[in-house]
Structure formats: structure tokens, C-alpha cells
Amino acid sequence: MWTSPEWRVWSGMRRRCCDPSGIGYDLYGGRGIIVCQRWLDSFENFFADMGPRPSPQHSLDRIDNAGNYEPSNCRWATTVE
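Owing to the predicted nature of the structure, the values given are computational and were not obtained by experimental measurement.

Chemist: Explain the overall build of the chain to me, and be specific about the residues and the numbers.
Modeler: Broken down by element type, the chain carries 3 helices and 2 strands. Overall, the chain shows an N-to-C arrangement of helices and strands of α-α-α-β-β. Over its C-alpha atoms, taken along the principal directions, the chain stretches across nearly 30 × 30 × 20 Å. When burial is assessed residue by residue, the chain has 37% of its 81 residues classed as buried. Expressed as a percentage of contacts within the chain between residues at least 6 apart in sequence, the contacts between residues at least 24 apart total 48%. Each charge sign in the chain was given a centre, from 9 positive and 10 negative side chains, and these centres are 4 Å apart.

Chemist: Got a sec to walk through the packing of aromatic side chains? Specific residues and values, please.
Modeler: Following the criterion strictly, the structure yields 7 aromatic pairs and no others. Centre to centre, the rings of Phe43 and Phe46 are 6.4 Å apart; their planes meet at 40°, and the pair counts as tilted. Of this pair, Phe43 and Phe46 both sit in helix α3 (residues 43-50), 3 residues apart, which is roughly one turn of that helix. As far as burial versus exposure is concerned, Phe43 and Phe46 are alike and both buried. By the ring-pair criterion, three or more aromatic residues cluster together here, those being Trp7, Trp10, Trp39, Phe43, Phe46, Phe47 and Trp76. The ring of Tyr28 carries the charged tip of Arg16 above its face, separated from the ring centre by 5.0 Å. A cation sits over an aromatic face here: Arg62 above Tyr69, 5.0 Å from the ring centre.

Chemist: Quick one: what's the story with the environment of Gly29, residue by residue and with numbers?
Modeler: In this structure, Gly29 sits in the loop between α1 (5-18) and α2 (37-41). The spatial distance from the C-alpha of Gly29 to the C-alpha of Cys17 is 3.8 Å, given a sequence separation of 12 residues. If we skip the residues at most four places from it in the chain, Gly29 touches Arg16 and Cys17.

Chemist: Please give an account of the packing of α1 against α3 that cites residues and values.
Modeler: Direction vectors running N to C along α1 and α3 enclose 115°, while the axes themselves pass 10 Å from each other. Overall, the two elements α1 and α3 adopt an arrangement that is roughly perpendicular. Relative to α3, the crossing made by α1 is right-handed. Counted together, Glu6, Trp7, Val9, Trp10 and Met13 of α1 and Phe43, Phe46 and Phe47 of α3 form the full contact between these two elements. Partitioned by chemical class, the residues of the contact of α1 with α3 number 7 nonpolar, no polar and 1 charged.

The rules behind each value
Residue numbers run consecutively from 1 along every chain, following the written order of its sequence. Only residues with pLDDT of 70 or above have their local features reported here, since the model is predicted, and side-chain atom pairs are shown and tallied only from 80 upward, although totals for entire chains, interfaces and linings are computed over all residues. Calculation of side-chain values draws on the structure's entire complement of heavy atoms; hydrogens and water are dropped beforehand. Runs of E in the DSSP output that reach at least two residues are strands. Runs of H or I that reach at least four are helices, and both are numbered from the N terminus. Only protein chains enter the accessibility calculation, which uses a 1.4 Å probe. A residue is then buried if its area is under 20% of the maximum for its type, exposed if over 50%, and partly exposed in between. Contacts: residue pairs with any heavy atoms within 4.5 Å of one another. Positive residues here are Lys and Arg, negative ones are Asp and Glu, while His and the chain termini are left out of the count. Every charge is mapped to an atom, namely NZ of Lys, CZ of Arg, CG of Asp or CD of Glu. Pairing of aromatic rings covers Phe, Tyr and the six-membered ring of Trp, with a centre-to-centre limit of 6.5 Å; geometry is then stacked below 30 degrees between planes, edge-to-face above 60, and tilted otherwise. Should the NZ of a Lys or the CZ of an Arg lie within 6 Å of a ring centre and within 35 degrees of the ring normal, that charge is described as sitting over the ring. Axis definition: a line fitted to C-alpha atoms, limited for helices to the stretch in contact. Angles are taken between N-to-C directions and run from 0 to 180 degrees. Angle categories: roughly parallel below 35 degrees, roughly antiparallel above 145, roughly perpendicular from 65 to 115, and oblique for all the rest. Rotating anticlockwise by less than a right angle from the far helix to the near helix defines a left-handed crossing, while the corresponding clockwise rotation defines a right-handed one. Each residue gets one label: Ala, Val, Leu, Ile, Met, Phe, Trp, Tyr, Cys and Pro are nonpolar, Asp, Glu, Lys and Arg are charged, and the others, such as Gly, are polar.

This is how it looks when you write it as C-alpha cells:
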């Protein structure tokens, strides 16, 4: 599970928002985008809310690009969507 595509997405999301030395931090955490506490607490919570990634073409998408990473603002989406 810890090498699953979903875990890598979760890990990258946390890094972009929480690690000032991480790649992309200035576009996410540096802009004030945060990860909800439930998802910060554990990968299991993230996976319970988001479920499996439907396909390799899907990525984690924030519905409101100015909003935070939280269940009500995230979905799996393709670049077309």
C-alpha cells in the first residue's frame, strides 16, 4: 500500500503544502493552500475519502483551484475533465 499510486499522490500533496523546501511549495503551501487535518493525520483517511484512483490518467484535482485539499473540494479527474 505504501508504494501505491494513491500513497504517492497523498505524499506529494502533503509535500507541496507543508514542506517549504519541497518542489512546488510556492504554488501551494506558499499560496496558503492547506491539507485538511483528517488527511494530514493519515493516508488511510485520505484513501477512505477518495477511494482508489480510477486509472493512471487520473490525478488529484481541486474543484476550486483556490481551495484547500479536503474531501468536499477534491476528486480524481483526467486532464480533459
